[in-house]
Amino acid sequence: MLPLAVAAAIATQGWLRYLASLSIVLISLALYVSGSRGAALGAAVWFLIAWLARLSRTERRHRWRWFVAGAVSMMLVGLALATNPRIRAWFDPARAAMTDGPALDRWFMLRLGGHILQDRPLLGVGPGVMSRVSNLYRPIETGAGLDHIQQLHNTPLQLAGELGLPGLALYLTGLCLIGRLWWRLWQCPLAAADRAMLGGLGGGLLAYGISSLTDYQLENIPIATTLLLMVVLLIALADAYGLPKRLISESGRRSASLALWVWLGLLVYIWLPFTLTIGFGAWADRAFYSQHLNQADTHWQRATRLSPWDPTAPAVASEALHGLDQVLGDSEAKDNVRSLLLDYAHQTHQAAPNDAWFNQNLAVLHQGDDLAQALTYAARAVQLMPRNRNYGYWLLGELLWAEGQKQGAIAAFTLEALVNPAALTSPLWQKPPLQVLYSAVVDQTLAEYDQLLAQMEETAFGYNTVYETRILLGWWTGHPLPTVQPERLRPMVQALLMADTNPPDRPQPARNRPGHRVSHT
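Residues numbered from 1 in each chain as written. Predicted model: local features only at pLDDT ≥ 70, side-chain atom pairs only at ≥ 80, totals over all residues. Heavy atoms only, no water.

> Looking at this model, I keep getting lost on the overall build of the protein chain. Mind explaining?
If you tally the helices and strands in the protein chain, you get 22 helices and 0 strands. In terms of overall size, the protein chain is more extended than a compact globule, its C-alpha atoms giving a radius of gyration of 31 Å where 521 residues would be expected to give roughly 24 Å. Here the protein chain holds 521 residues, and 37% of them are scored as buried. Across the protein chain, the fraction of contacts at a sequence separation of at least 24, relative to all contacts at a separation of at least 6, is 61%. When the accessible surface of the protein chain is split by element, carbon and sulfur atoms take 64% of a total near 29600 Å². For the protein chain, the separation between the mean place of its 40 positive charges and that of its 37 negative charges on side chains is 15 Å. (Helix = DSSP H or I, 4+ residues; strand = E, 2+ residues; numbered from the N terminus. Rg over C-alpha atoms; globule rule 2.2 N^0.38 Å. Buried < 20%, exposed > 50% of the residue type's maximum accessible area, 1.4 Å probe, protein only. Contact = heavy atoms within 4.5 Å. Areas by Shrake-Rupley, 256 points an atom, 1.4 Å probe, with all protein chains shown as cover. Lys, Arg positive; Asp, Glu negative; His and termini not counted. Charge placed at Lys NZ, Arg CZ, Asp CG, Glu CD.)

Structural data, given as structure tokens:
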């Protein structure tokens, strides 16, 4: 919108110019406050191109004025970028480039999109389902991050991931057609106001196109509507100068209009059930919290049948019924509620079988009545999110131990300790049935940490963190510690070991219990 506001300020007179100038100030402030680096990059590129284009079209005797004005403006833009905290952090020499969280996430999303195209190059994963399948393609380096992401924060990559290479080709073709139409209009003898508007439209589309490389916002109705209106204005301007008639014949335009109406009809047919689904879901929530359970169940069922591919309605229903199940005592009503709860939980899983949370929910729900089924869902949950800290491996270990698979249970609890070291400090290890497994799990966990440290370079990023975790776990569990390297430990950890060792580097036997809290003065 900033290029359009600038174009309006140039093309208009009187109070309209003052209004356009005010909008420039407001948009610029919003851009600065947002700290969006993609938007800032798009705006800076647009400004640079607009300045160079103006210089090339200015008479030589006036060119120095535009050069000075543009140079001063570029200095102000650079100053604004340099004073913005988020943008300044990008160039901070005290931190490496890859420690920037958003930048690192976008790098992983690029790789995730590449994995999708390698697996499904022609069809992609389908529109609107990225959050349900993204865990299947996450790079392992993401660890516990980027789970169930809604979008890849890159418009071309998002469309390629959802629609495959043909969808990406269609998107690029559309951009080329819009660019071609803009260029042909630019070469026409336009009125001054129309040329200013054309420049604003081109600048706005260019700036957003660059910004879209770091984000995907086409699902945002206001943004999508703004982009659509900009294209409509471009087409209207071309139509006013008779340009579309040279691109497409009258019969072709009629055919295109008919195809557009058919497409709109299909959209209504597709989105009407979804709209009704949202309505039934809202009515169900209102009925449930008004204690009209039968009515709520009816609305949830209708919502689920209208959009069986959407897990929202059954997920909300299962969550609400789970809360009700927790407060009901043993009765026929509790049995009915639990039956409904399981039905909706399974419907949720059918709509999104690759959602780790839905799998883990079913594992928990079936833990008390069907161990084999619970084990299947728990195993799938940790496959989808292997390094999540929601104690998925712990649940898997409990199920394996209940099934009599001791070695499998030890392996699962060891993996939980590797993902979430705090698991070894749980008070549950002091009680049956886990008490008998604790020693084996501790031994296996410490052995895994020792092997990991042996495979890592001592100068590698994260080595000190892994080393400190190994030392703390050994101290907590009362195992003999290796020769401690104090320079690899934080000062607090060094002080803890020095204050709580007898002899040095060895915890006192009285504290060799999992879950024991230690305090020092």
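Don't stop here, the text continues.
> Help me understand the side chain of E468 in this model?
Looking at the secondary structure, you find E468 in helix α21 (residues 463-477). When near neighbours in sequence (up to four residues on either side) are disregarded, E468 contacts R488, L489, R490 and V493.

> How do you make sense of the state of the cysteines when you look at a structure like this?
What we call a disulfide is simply a covalent bond connecting the sulfur atoms of a pair of cysteines. Counting across every chain of the model gives 0 disulfides. In this model C176 remains outside any disulfide bridge; the closest cysteine sulfur is found in C188, 19 Å from its own. The exposure class assigned to C188 is buried, which follows from its relative accessible area of 12%. (Disulfide = S-S within 2.5 Å.)

> Any chance you could explain the packing of helix α17 (residues 371-384) against helix α18 (residues 392-402) here in plain terms?
Packed helix pairs are characterised by how far apart their axes lie and by the angle those axes make with each other. For the pair α17 and α18, interaxial distance at closest approach is 9 Å and the crossing angle is 150°. Taken together, α17 and α18 sit at an angle that is classed as roughly antiparallel. The interaxial crossing formed by α17 with α18 has left-handed handedness. Contacts between α17 and α18 involve L371, A374, L375, A378, A379 and V382 from the first element and G392, Y393, L395, L396, L399, L400 and A402 from the second. Looking at side-chain class alone, the contact of α17 with α18 contains 12 nonpolar, 1 polar and no charged residues. (Axes fitted to C-alpha atoms, helices over the stretch in contact; angles between N-to-C directions. Parallel < 35°, antiparallel > 145°, perpendicular 65-115°, else oblique. Left-handed = near helix turned anticlockwise from the far one by under 90°. Nonpolar A, V, L, I, M, F, W, Y, C, P; charged D, E, K, R; others polar.)

> Hey, could you run me through the nonpolar core in this one?
Where a protein is soluble and globular, its nonpolar side chains tend to be buried together. Core analysis: the biggest nonpolar cluster contains 57 residues, and W300, L396, F413, W429, L437 and L497 have the highest contact counts within it. It is α21 that contributes the most residues to this core, 7 residues altogether. Residues contacting L437, with those up to four places away along its chain left out, are W401, K406, A409, I410, F413 and W429. L198, L227, L234 and L237 belong to the second-largest nonpolar core, a separate cluster that totals 14 residues. (Core = buried A, V, L, I, M, F, W, Y, C linked by side-chain atoms within 4.5 Å.)

> Even after reading the chapter, I still don't get the packing of aromatic side chains, so can you show me in this structure?
Here the distance between the centres and the angle between the planes together describe a pair of aromatic rings. A full pass over the atoms with the stated rule returns 14 aromatic pairs. Here F288 and Y289 contribute two aromatic rings whose centre-to-centre distance is 5.1 Å and whose plane-to-plane angle is 90°, an arrangement assigned as edge-to-face. For Y289, a relative accessible area of 63% gives the class exposed. An angle of 75° between the planes, with centres 6.0 Å apart, marks the rings of W300 and Y344 as edge-to-face. (Phe/Tyr/Trp six-rings, centres within 6.5 Å; stacked < 30°, edge-to-face > 60°.)

> I would appreciate a short explanation of a nonpolar patch on the surface in the present structure.
Together, L258, L260, W261, V262, W263, L264, L266, Y269, I270 and W271 give the surface a local cluster of nonpolar side chains, amounting to about 1200 Å² of exposed area. If you trace the backbone, I270 turns up in helix α12 (residues 250-289). The partly exposed category is assigned to I270, whose relative accessible area is 49%. (Patch = residues over 30% accessible without salt bridge, like charges linked within 9 Å, V, L, I, M, F, W, Y side chains within 5 Å. Salt bridge = Lys/Arg side-chain N within 4 Å of Asp/Glu carboxyl O.)

> Looking at this model, I keep getting lost on the environment of P432. Mind explaining?
Counting through the fold element by element, P432 comes out in the loop between α19 (406-419) and α20 (438-455). With 193 residues separating them along the chain, P432 and D239 place their C-alpha atoms 79 Å apart.

> Would you explain the pattern of salt bridges in this entry?
Close approach of charged atoms lets side chains of opposite charge pair. Tallying each qualifying case throughout the model produces 5 salt bridges. Residues D450 and R470 are paired through a salt bridge, measuring 2.8 Å at the closest nitrogen-oxygen approach. In this pair, D450 is assigned in helix α20 and R470 in helix α21, connecting sequence segments 20 residues apart. Classification of R470 by relative accessible area gives buried; the value is 6%.

> So what exactly am I meant to see when it comes to unusual backbone geometry here?
Negative phi is the rule for most residues except glycine; trans is the rule for most peptide bonds. A cis amide bond, omega 5°, links P432 with the succeeding residue P433. Residues other than glycine seldom take positive phi values, yet H153 does so here, at roughly 55°. Following the sequence through the fold, H153 ends up in the loop between α7 (130-133) and α8 (155-186). Even without a glycine there, the phi angle at Q291 is positive, about 70°. Structurally, Q291 is set in the loop between α12 and α13 (293-306).

> Explanation requested: the environment of G174 in the structure shown.
For G174, the position within the fold is in helix α8. Through-space distance from the C-alpha of G174 to that of L260 is 15 Å; in sequence the pair is 86 residues apart.

> Explain the side chain of D325 to me, please; I cannot follow it from the model alone.
If you trace the backbone, D325 turns up in helix α14 (residues 312-327). Sequence-distant contacts of D325, defined by excluding residues within four places in its chain, comprise K334, V337, R338 and L341.

> Would you explain α19 in this entry?
Working note: α-helix, 3.6 residues per turn, so residues spaced by three or four point in the same direction. Compared with the 20 Å implied by 1.5 Å per residue over 14 residues, the 20 Å span of α19 between its first and last C-alpha is a close match. Within α19 the residues assigned to the buried category are A409, I410, A412, F413, T414, E416, A417 and V419. Each element contacted by the buried residues of α19 is listed here: α18 and α20. (Expected span 1.5 Å × (residues − 1).)

> Where do I start with α8 in this structure?
Over its 32 residues, α8 extends only 27 Å from the first C-alpha to the last, a length that falls short of the 46 Å expected when each residue adds 1.5 Å. The largest bend in α8 amounts to roughly 135° and is located at L163, with the proline P166 lying one to four residues further along. Looking at where α8 begins, the residue whose side-chain oxygen comes 3.0 Å from the main-chain nitrogen of L157 is N154. (Bend = angle between axes of the 7 residues up to and from the residue. Polar contact = N/O pair within 3.5 Å; in protein donor to acceptor, adjacent residues only side chain to side chain.)

> What is the right way to look at the confidence of the model for the protein chain in this model?
Low-pLDDT portions of the prediction should not be read for the details of their coordinates. With 90% of its residues at a pLDDT of 70 or more, the protein chain has an overall mean of 82. Note that residues 502-521 has pLDDT below 50 and, in this model, 41 contacts with residues that lie over four places away or in other chains. (pLDDT = per-residue confidence, 0-100.)

> Is there a simple way to explain the environment of Q435 in this structure?
Within the fold, Q435 resides in the loop between α19 and α20. A relative accessible area of 45% places Q435 in the partly exposed class. Sequence separation between Q435 and L418 is 17 residues; the distance between their C-alpha atoms is 19 Å. Apart from the residues lying within four places of it in its own chain, the contact partners of Q435 are W429 and Q430.

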